[in-house]
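Close look at the chain arrangement
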Amino acid sequence: NVGSATAATTFDVANSCRFDDGSSTRLTKTPGSDGDLDNWTFSCWVKRGNITTGTAQSIFSCDVDSATNYGKLVFDTSDRLHFENSTGGTVDKLITNRLFRDCSAWYHIVAVWDSDNGTEAQRMRLYINGVEETSFNTANYPTSGLNSAWNQDSVHSIGDYNSGQYFDGYIAEAVFTDGQVYAASDFGEFDEDSPTIWKPKDVSGLTFGTNGAYLDFEDSDNLGDDESGNTNDWTETNIAAVDQCQDSPTNNFATLNPLNVPTSNPPVFSEGNTSSVTSSSGTSNFGGVTTIGLTKGKWYIEAKAVMGGTTRNDIGLVANQQTIIDSNRLAQGHNTYEWSWEVGTPAWRYETDSGTVQTQTLSTYANGDIIALYLDLDLSLIHISEPTRRTPIS
């Protein structure tokens, strides 16, 4: 299923928070008292990171007793979206038919609990990228006036459920409204010039209610900071300032693509698909390709080179991704430009389909240096930066 593309907007989302399942990252909040258990709305933008087959990843949850009273908004082991509430052991749920496997773009998700609604099918609602979801694998709706497990004075989590099912990727513009039922149009709008593109809009004017919160992730020293006016700050676990990212629904970054890897000796991705670790075994180790292909315009690319006992690192540009997967390495001919480090000697290499190799020796770079490329596809120019030692942009 395809996420939302980036479009120009008058409202810019400056930051997101990066979640890494391998680091058990999460944000938690326990309300001081029960809020409205019949009417509430949760909205957020998500960009999936490392998708692991057979592993569930929770976006937003509450955990009253883990057995009979809980709530989950989670990508299941088949990458379907679950919106689930259990009250006293009675489980009401919506499970989508469609799958969510697009790691290149942002999804906007709105979950609505409105058990007071006289229409059964409107007591639990899901919106994806501005459109209400109506095709479900499972649709069990709550009885009229049923109190939800959500919004009780129990722990609520963003990024996990019950210290498990950790989310991997990015979350932006997380909003919880206590006592208010909102539609997707209260959080976003279709672009007037590209009407199939859904984009965010300013939510600061919404009514949040006593337990409500708005996390915009703009304070790197306090990524759980609540901007709703309620000071309902969330507690960070294994989240640091470096997890504040510029990748957002209005400024979508290219990341490494976990769906485009070889079946043999695949890389291990982490940190929102910005880090790749390859196996030390074998002679061909594929580090990954990015989620965004380039055809025109000006681009900047950078990567941190880390040697782990191997004799070569390759960072560069390729013309044919399918060939990369088949050959299980970055440089295997096929119109490939690369910045490579072979036994400590860097060179700019160009390989063609016929196997021709042109090289130019470049300044030596050390373990941990940042390698940058400036690419102008309109003028067919490539500029290679001198290696630097600093923190990469997120």
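Structural data are supplied above this passage.
Okay, so let's go over this structure. (Residues numbered from 1 in each chain as written. Predicted model: local features only at pLDDT ≥ 70, side-chain atom pairs only at ≥ 80, totals over all residues. Heavy atoms only, no water.)

Considering the overall build of the protein
Short version of the rule: For the purposes of this entry, the term helix denotes a DSSP run of H or I that reaches at least four residues, the term strand denotes a run of E that reaches at least two, and both are numbered from the N terminus. In this scheme, a residue with accessible area under 20% of its type's maximum is buried, one over 50% is exposed, and one in between is partly exposed, where area comes from a 1.4 Å probe on protein chains only. Residue contacts are counted whenever heavy atoms from the two residues lie within 4.5 Å of one another.
Along the protein, the regular secondary structure elements total one helix and 27 strands. In the protein, buried positions account for 51% of the 394 residues. Expressed as a percentage of contacts within the protein between residues at least 6 apart in sequence, the contacts between residues at least 24 apart total 64%.

Topic: the pattern of salt bridges
For clarity, the cut-off: The salt bridge criterion pairs a side-chain nitrogen of Lys or Arg with a carboxyl oxygen of Asp or Glu, the two atoms within 4 Å.
For the structure on display, the rule yields 11 salt bridges. Salt-bridge contacts for Arg18 lead to Glu271; the nearest nitrogen and oxygen are separated by 3.5 Å. Taken together, the residues span a long stretch of sequence, with Arg18 in strand β1 (residues 16-19) and Glu271 in the loop between β19 (268-270) and β20 (275-277) at a distance of 253 residues. On the basis of relative accessible area, Glu271 is assigned to the partly exposed category, the value being 27%. Between Asp247 and Lys47 there is a salt bridge, and its shortest N-O distance comes to 2.8 Å. With Asp247 in the loop between β18 (244-245) and β19 and Lys47 in strand β3 (residues 39-48), this pair connects stretches of sequence that are 200 residues apart. Neither Asp247 nor Lys47 differs from the other in exposure class; each is buried. Residues joined in a network through salt bridges with shared partners are Arg18, Asp243 and Glu271.

Comments concerning the sheet that holds strand β6 (residues 81-87)
Test applied: Note on pairing: DSSP must find at least two bridges between two strands before they are called paired. Axis lines are fitted through C-alpha atoms, for helices just across the contact stretch, and the angle between N-to-C directions can take any value from 0 to 180 degrees.
One open sheet accounts for eight strands, arranged β11-β7-β6-β5-β4-β12-β2-β17; its pairing is antiparallel. Each having just a single partner strand, β11 (136-140) and β17 (235-237) make up the two edges of the open sheet. Ignoring which end each strand starts from, the neighbouring axes of this sheet average 15 degrees apart.

Considerations on the nonpolar core
Note the cut-off: Nine residue types can take part in a nonpolar core, namely buried Ala, Val, Leu, Ile, Met, Phe, Trp, Tyr and Cys, and a core is a set of them joined through side-chain atoms within 4.5 Å.
Ile59, Leu73, Ile109 and Ile171 are the most contacted members of the largest nonpolar core, which has 37 residues in total. Among the nonpolar cores identified, the runner-up in size contains 19 residues, and Val112, Tyr170, Tyr182 and Tyr214 belong to it.

Comments concerning the sheet that holds strand β26 (residues 370-376)
Taken in spatial order, the three strands make up an open sheet running β21-β26-β27, and their pairing is antiparallel. Strand pairing shows two members of the sheet lacking a second neighbour, β21 (298-304) and β27 (381-384), which therefore form its edges. Put simply, the sheet's adjacent strands are angled 15 degrees from each other on average, direction ignored.

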